[in-house]
Amino acid sequence: MQLEDFKQKNKTAIFYLEQTAGGAPLLKYPLLDAARFAEHGFTTRAGGVSGGCLSSLNLSYTRGDVKADVDENYRRLAVSLHAVTGDFVLTDQTHTTNVRVVTQADRGKGIVKEKDYRDVDGLVTNVPGIVLSAFFADCVPLFFIDVAHRAIGVSHSGWRGTLNRMGRETLAVMRREYGTDPADTLCAIGPSICQDCYEVSADVAERFLEEFPDAGRELCRAMGHGKYQLNLWKANERVLLEAGVLPEHLAVTNICTRCNEKLLFSHRASKGRRGNLGAFLKIRK
């Protein structure tokens, strides 16, 4: 799927595509736009300067890209988010449910300053201007906007994070730090691998069936020979709803990274030869 094809297909869908002059294209949710104090976006492969299998808007410094090219990709992304590169704070993702509370002192960590933390798959803040950043190439992006307390969060939820209820853990940190009530929180599940494309082994499927005992086929579809297709979208939806997010405050993706490998990076489709997509969220100054 190309950008123009996406625009035509998704005129009234969960997402829309926004192109800023001099910036990078961003996929955005009308639901999250309702919180006018916050700004968000999810990148595509388009709009950058990286080459080869990283073409073109790769946002990872650790996948063999030229640093100057990644820097330029972030500069373009910053234009789209009405920010500068020193506003970004990056995760240090290792498939945990660790959530870092981001303060003014963290501004720029991962781009213009070294990260002084490890094993962080989620970020939350109530500081205006900081761009919370998490990265993906099939795993599930989670967005959180507390409209009552003007606090935000972004989390990375692969199958391990989903099994350990990363969405619930992120909301728990926001409640502790900012008084967040999940019922006052707008949430979104971002582009990631769909059930038809996500094959897992029996041991992984069994762990999900233990964690979600009433889910059955809705989450795990048997394929035979000890293989299952896992629905991470539905699992994360269950996690967020059970944590207290209202159904009308939750948008669930309809875009699969693997099905749309020309538009989005997919680890499985590329067999690991790929760049990183990013989910970004900030409070406007």
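Given the structure is predicted, the values throughout are model-derived calculations rather than measurements.

Quick notes on the environment of Ser-155
Link 1 in the chain: Among the secondary structure elements, Ser-155 is positioned in strand S9 (residues 151-157).
Link 2 in the chain: Residues Ser-155 and Glu-169, spaced 14 residues apart in sequence, show a C-alpha to C-alpha distance of 9.7 Å.
Link 3 in the chain: One polar contact links Ser-155 to Thr-170, side chain to side chain, over a distance of 2.7 Å.

Overview of the pattern of salt bridges
Link 1 in the chain: Inspection of the entire model under this criterion finds 21 salt bridges.
Link 2 in the chain: In this structure, Arg-284 and Glu-39 form a salt bridge, with 3.4 Å as the shortest nitrogen-oxygen distance. Taken together, the residues Arg-284 in the segment after strand S15 (277-283) and Glu-39 in strand S3 (residues 38-43) connect sequence positions 245 residues apart.
Link 3 in the chain: Several salt bridges share partner residues, and in doing so they unite Arg-165, Glu-211, Asp-214, Glu-218, Lys-234, Glu-237, Arg-238 and Glu-242 into one network.

Some remarks on the layout of surface pockets
Link 1 in the chain: The volume enclosed by the largest pocket comes to roughly 830 Å³.
Link 2 in the chain: Taken together, 36 residues line the largest pocket, and the ones lying closest to its centre are Ser-60, Thr-62, Gln-93, Phe-135 and Asn-276.
Link 3 in the chain: Of all the elements in the fold, those that place two or more residues in the lining of the largest pocket are helix H3 (67-80), strand S7 (131-136), helix H4 (159-163) and helix H8 (267-270).
Link 4 in the chain: Here the residues of the lining of the largest pocket are counted per class, giving 15 nonpolar, 11 polar and 10 charged.

Notes on the sheet that holds strand S6 (residues 122-125)
Link 1 in the chain: The strand order S5-S6-S9-S8-S10-S14 describes an open sheet built from six strands, whose pairing is mixed. In this open sheet, the two strands that pair with only one neighbour each are strand S5 (99-101) and strand S14 (250-252). Between one strand and the next, the sheet's axes are offset by a mean angle of 10°, whatever the strand orientation.
Link 2 in the chain: Judged from the four bridges that link them, S6 and S9 form a sheet pairing that is antiparallel. What sits directly across from Val-124, in S9, is Gly-153.

Examining a positive patch on the surface
Link 1 in the chain: A surface patch of like charges, here positive, comprises Lys-227, Arg-258, Arg-268 and Lys-271.
Link 2 in the chain: Inspection of the secondary structure puts Lys-227 in strand S13 (residues 227-230).

Side note on the sheet that holds S15
Link 1 in the chain: Judged by pairing direction, the sheet is mixed, and its six strands sit side by side in the order S1-S2-S3-S15-S7-S4 without closing on themselves. Every other strand in the sheet has two partners, leaving strand S1 (16-18) and strand S4 (88-90) as the edge strands with one partner each. Between one strand axis and the next, the sheet turns by 30° as a mean value, whatever way the strands run.
Link 2 in the chain: Note that S1 and strand S2 (residues 26-28) share three bridges and pair antiparallel. Bridge pairing in S2 links Glu-18 to Leu-26.
Link 3 in the chain: Seen against the sheet, H3 touches S2, S3, S4, S7 and S15 and runs at an angle of roughly 120° to S4.

Comments concerning the packing of aromatic side chains
Link 1 in the chain: Taken as a whole and judged by the stated rule, the model has eight aromatic pairs.
Link 2 in the chain: Seen in terms of ring centroids, Phe-15 and Tyr-29 are 4.3 Å apart; in terms of plane orientation they differ by 40°. Their pairing is tilted. Highlighted residues: Phe-15 in the loop between helix H1 (3-9) and S1 and Tyr-29 in the loop between S2 and helix H2 (30-33), separated in sequence by 14 residues. Pair check on accessibility: Phe-15 and Tyr-29 agree, each one buried.
Link 3 in the chain: Note on Phe-42 and Phe-136: the rings are 6.1 Å apart at their centroids and 45° apart in plane angle, and the pair reads as tilted.

Topic: helix H6 (residues 202-211)
Helical periodicity: at 3.6 residues per turn, an α-helix aligns residues three or four positions apart in one direction.
Link 1 in the chain: Looking only at H6, the buried set comprises Val-204, Ala-205 and Phe-208. Around the axis of H6, the buried residues are gathered within 100° of arc, so they sit on the same side.
Link 2 in the chain: Where H6 is buried, its residues touch H4, strand S11 (199-201), strand S12 (220-224), S13 and helix H7 (232-242).

Section: the environment of Gly-22
Link 1 in the chain: Structurally, Gly-22 can be placed in the loop between S1 and S2.
Link 2 in the chain: For the pair formed by Gly-22 and Leu-250, sequence separation is 228 residues and the distance between their alpha carbons is 31 Å.
Link 3 in the chain: Among residues more than four places away in sequence, those in contact with Gly-22 are Arg-75, Arg-76 and Val-79.

Quick word on unusual backbone geometry
Link 1 in the chain: Cis geometry is adopted by the peptide bond preceding Ser-56, which originates at Ser-55 and carries an omega value of -10°.
Link 2 in the chain: In this structure, Ser-56 sits in the loop between S3 and H3.
Link 3 in the chain: Phi at Asp-119 is positive, roughly 55°, even though this residue is not glycine.
Link 4 in the chain: Within the element layout of this structure, Asp-119 appears in the loop between S5 and S6.
Link 5 in the chain: With a relative accessible area of 30%, Asp-119 lands in the partly exposed category.

Cut-offs used in this document
Residues numbered from 1 in each chain as written. Predicted model: local features only at pLDDT ≥ 70, side-chain atom pairs only at ≥ 80, totals over all residues. Heavy atoms only, no water. Helix = DSSP H or I, 4+ residues; strand = E, 2+ residues; numbered from the N terminus. Polar contact = N/O pair within 3.5 Å; in protein donor to acceptor, adjacent residues only side chain to side chain. Salt bridge = Lys/Arg side-chain N within 4 Å of Asp/Glu carboxyl O. 1 Å grid on protein atoms, 1.4 Å probe; cavity = no way out; pocket = protein on both sides within 12 Å on 5 of 7 lines; lining within 4 Å. Points joined across faces, edges and corners; volume = space filled by probe spheres on them. Nonpolar A, V, L, I, M, F, W, Y, C, P; charged D, E, K, R; others polar. Pairing = 2+ DSSP bridges. Axes fitted to C-alpha atoms, helices over the stretch in contact; angles between N-to-C directions. Patch = residues over 30% accessible without salt bridge, like charges linked within 9 Å, V, L, I, M, F, W, Y side chains within 5 Å. Areas by Shrake-Rupley, 256 points an atom, 1.4 Å probe, with all protein chains shown as cover. Lys, Arg positive; Asp, Glu negative; His and termini not counted. Charge placed at Lys NZ, Arg CZ, Asp CG, Glu CD. Contact = heavy atoms within 4.5 Å. Phe/Tyr/Trp six-rings, centres within 6.5 Å; stacked < 30°, edge-to-face > 60°. Buried < 20%, exposed > 50% of the residue type's maximum accessible area, 1.4 Å probe, protein only. Arc of directions from axis to C-beta.

Function-wise, these values are silent; they only describe arrangement.
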